[in-house]
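Descriptive analysis of the structure
As a plain string of letters, each chain reads:
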Protein chains: 2
Amino acid sequence: MSSKLKELEEKLDPRVKRTRNLILTSFQSLLTEKGFESVSVQDVTNKAEINRVTFYAHFSDKYELLDYTVQKAFMSEVEKRNLNMCSYSPDNLRNLILIVCEFLVTLHSRCAQPHEQFESLVEGTFKKHLFELLSRWLKESKLPTELPATVATWAIYGLATHYSHLKKRPALETFVDEAFPLVAVNLEQFA
Amino acid sequence: MSSKLKELEEKLDPRVKRTRNLILTSFQSLLTEKGFESVSVQDVTNKAEINRVTFYAHFSDKYELLDYTVQKAFMSEVEKRNLNMCSYSPDNLRNLILIVCEFLVTLHSRCAQPHEQFESLVEGTFKKHLFELLSRWLKESKLPTELPATVATWAIYGLATHYSHLKKRPALETFVDEAFPLVAVNLEQFA
DNA sequence: TAACATAAACAACGTATGTAGTGTAGTTTA
DNA sequence: TAAACTACACTACATACGTTGTTTATGTTA
């Protein structure tokens with residue numbers, strides 16, 4: 001899945017790779033500086049030292065750029081922890097919850113004044129991939145998996161959002177201990 | 001809560017009420033015609049026959065307008081079914097799930113090509129109110145309610161989104177029968 | 001009804017967006 | 001290495017956004 005994506009990316013024209021990376025890194029550093037809402041396409045292309053029009057050859061707008069960024073970040077996390085090709089187990093679930101929490105905490109620290117609109121956008125992208133992953137985990141089951149996978153996806157993302165918004169965050173492990181059973185109830189039949 | 005809001009609105013300058021209504025109805029009909037993404041502030045004010053600048057005296061942008069619209073719609077649904085001031089019971093939960101599903105189905109029928117960004121925005125607003133409602137339901141409990149309320153909020157909204165996106169939707173009652181236990185597991189301790 | 005307060009209209013401005021056309025320079029393939 | 005391809009730069013344009021200042025009209029209060 002994501003390895004296919006990598007292959008595709010590696011075969012690209014070096015100019016394209018270069019430009020895309022310039023856009024990505026400029027975008028990320030601007031995100032930390034000023035926050036998503038106040039970053040313009042102009043800003044990105046200025047920092048990347050490319051022409052503004054070139055930007056539109058790669059992304060249709062800054063929302064698609066955000067999408068792409070989030071997707072890349074999530075996939076690299078998942079691969080790092082080898083969660084991509086496994087099936088449901090309590091341990092895997094714990095790790096997954098953990099990843100999502102970490103991801104959102106990091107996101108908040110790396111993005112100045114993350115406002116609602118921004119978070120909504122990230123959420124949409126992120127959940128899509130989370131759902132795919134969970135569906136893969138439950139795939140071998142003979143039971144219907146759509147609804148449990150849906151509930152789990154949303155519950156995990158919801159809990160992680162909650163955690164990342166707390167003023168005084170407890171230790172991540174502590175939180176995951178509390179959160180885990182709330183998600184696991186509906187998945188245990190697949191263990 | 002929402003009654004307070006109504007009181008406030010009724011004391012408004014008639015000119016304000018008039019203008020706001022013009023904006024709201026124009027917006028809604030444009031939503032059905034062209035879909036959220038392709039509606040501009042200009043469009044709204046043209047149809048409402050007010051000056052574009054006047055719009056900004058009422059809403060800071062079209063996103064805030066959407067926010068306001070969703071909020072009003074949700075609250076009126078909740079009040080219609082008297083779900084506002086009660087506490088957790090299986091029956092209330094069923095009705096709540098039902099409302100949310102209906103809301104999203106209606107939304108899709110009333111909005112041309114609802115795209116991701118649009119749905120994300122609706123979701124943000126909607127979940128905020130859903131969470132408040134559920135928290136109110138669980139309030140009297142001595143148990144901690146934050147995490148269960150969070151999970152329930154997200155699970156309900158997730159399931160409703162899933163339902164509203166199905167090509168061939170089963171009868172609403174049937175779906176709610178399936179969905180209900182997945183949400184209720186974590187709330188039964190409050191019954 | 002007179003005095004006051006303020007909502008809305010109108011004109012004008014600077015900025016960001018997204019698109020189109022043309023030329024140039026870097027990349028791939030034969 | 002020559003030919004074909006295409007990513008990028010640059011110019012230009014039409015459109016939408018959000019704000020400011022001024023005037024007019026409508027509503028409120030004394």
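Further up the page is the structure itself.
What comes next concerns the included structure. (Residues numbered from 1 in each chain as written. Chains lettered and ligands numbered in written order. Predicted model: local features only at pLDDT ≥ 70, side-chain atom pairs only at ≥ 80, totals over all residues. Heavy atoms only, no water.)

Counting secondary structure elements, chain A contains 9 helices and 0 strands. From first element to last, N terminus to C terminus, chain A shows the α and β order α-α-α-α-α-α-α-α-α. The globule rule puts the C-alpha radius of gyration for 191 residues at 16 Å, and the 18 Å found for chain A is close to it. Within chain A, buried positions represent 49% of all 191 residues. When the accessible surface of chain A is totalled, it reaches about 9700 Å², and 53% of it is carbon and sulfur. (Helix = DSSP H or I, 4+ residues; strand = E, 2+ residues; numbered from the N terminus. Rg over C-alpha atoms; globule rule 2.2 N^0.38 Å. Buried < 20%, exposed > 50% of the residue type's maximum accessible area, 1.4 Å probe, protein only. Areas by Shrake-Rupley, 256 points an atom, 1.4 Å probe, with all protein chains shown as cover.)

Let us now look at the interface of chain A and chain B. With 25 residues of chain A at the contact, the number on the chain B side is 25 residues. Buried surface at the junction of chain A and chain B, both sides included, amounts to about 2300 Å², of which 67% is carbon and sulfur. Considering only the side of chain A, the residues that lose the most area to chain B are A:L147, A:W154 and A:L182, jointly responsible for 28% of the buried surface there. Linking chain A with chain B are 4 salt bridges. Put simply, B:K128 and A:E116 hold a salt bridge, and the shortest N to O gap is 3.6 Å. Taken together, the links from chain A to chain B amount to 6 residue pairs in polar contact (both at pLDDT 80 or more). Residue classes in the side of chain A that touches chain B are distributed as 12 nonpolar, 7 polar and 6 charged. (Contact = heavy atoms within 4.5 Å. Buried area = accessible area lost by both parts, 1.4 Å probe. Salt bridge = Lys/Arg side-chain N within 4 Å of Asp/Glu carboxyl O. Polar contact = N/O pair within 3.5 Å; in protein donor to acceptor, adjacent residues only side chain to side chain. Nonpolar A, V, L, I, M, F, W, Y, C, P; charged D, E, K, R; others polar.)

Turning to the protein's contact with DNA strand C, a few remarks are in order. Within the structure, DNA strand C sits among 20 residues, and A:Y56, B:R15, B:T19, B:T54 and B:H58 are positioned closest to it. Among the atoms of DNA strand C close to the protein, meaning within 4 Å, 64% are from sugar or phosphate groups. Measuring from a phosphate oxygen of DNA strand C, one finds a backbone N or O atom of B:R15 at 2.6 Å. Within the side chain of B:H58, an N or O atom sits 2.7 Å from a phosphate oxygen of DNA strand C. Of all the secondary-structure elements, those providing two or more residues to the surface near DNA strand C are α2 (14-34), α3 (41-48) and α4 (52-58) of chain A together with α2 (14-34) and α4 (52-58) of chain B. Taken together, the residues of the surface near DNA strand C break down into 7 nonpolar, 6 polar and 7 charged. (Near = heavy atom within 4 Å.)

Another point: the nonpolar core. Counting 124 residues, the largest nonpolar core has A:L93, A:I156, A:V183, B:L93, B:L130, B:I156 and B:V183 as the members making the most contacts within it. Residue contacts for B:L93: discarding those within four places in its chain leaves B:Y88, B:W137, B:I156, B:F180, B:V183, B:A184 and B:L187. (Core = buried A, V, L, I, M, F, W, Y, C linked by side-chain atoms within 4.5 Å.)

Residues and elements named next belong to chain B. Helix length check: α2 (21 residues) gives 30 Å between terminal C-alpha atoms against 30 Å at 1.5 Å per residue, within 8%. Along its buried surface, α2 packs onto α3 (41-48), α4 and α5 (62-80). Looking at the residues trailing α2, positive phi occurs at G35, about 85 degrees. (Expected span 1.5 Å × (residues − 1).)

Once that is clear, we can look at the protein's contact with DNA strand D. DNA strand D sits among 20 residues. The nearest are A:R15, A:T19, A:T54, A:H58 and B:R15. Each atom of DNA strand D within 4 Å of the protein belongs either to a base or to sugar and phosphate, the latter forming 64%. A:H58 is positioned such that a nitrogen or oxygen atom in its side chain is 2.5 Å from a phosphate oxygen of DNA strand D. Where the surface near DNA strand D is concerned, the elements lending two or more residues are α2 and α4 of chain A together with α2, α3 and α4 of chain B. A breakdown of the residues in the surface near DNA strand D according to their chemical character gives 7 nonpolar, 6 polar and 7 charged.

Bringing the pattern of salt bridges into the picture now. Scanning all chains against the criterion turns up 20 salt bridges over all chains. Note that B:D13 is salt-bridged to B:R15, the shortest N-O span being 2.8 Å. The shortest N-O distance in the salt bridge between B:D177 and B:R94 comes to 2.2 Å. Taken together, the residues span a long stretch of sequence, with B:D177 in helix α9 (residues 172-184) and B:R94 in helix α6 (residues 90-109) at a distance of 83 residues. With relative accessibility at 44%, the residue B:D177 sits in the partly exposed group. Assessed through its relative accessible area of 23%, B:R94 is described here as partly exposed. Among the charged side chains, a salt-bridge network with shared partners connects A:E77, A:K80, A:R81 and A:E102.

No statement about biological role is implied by the geometric values presented.
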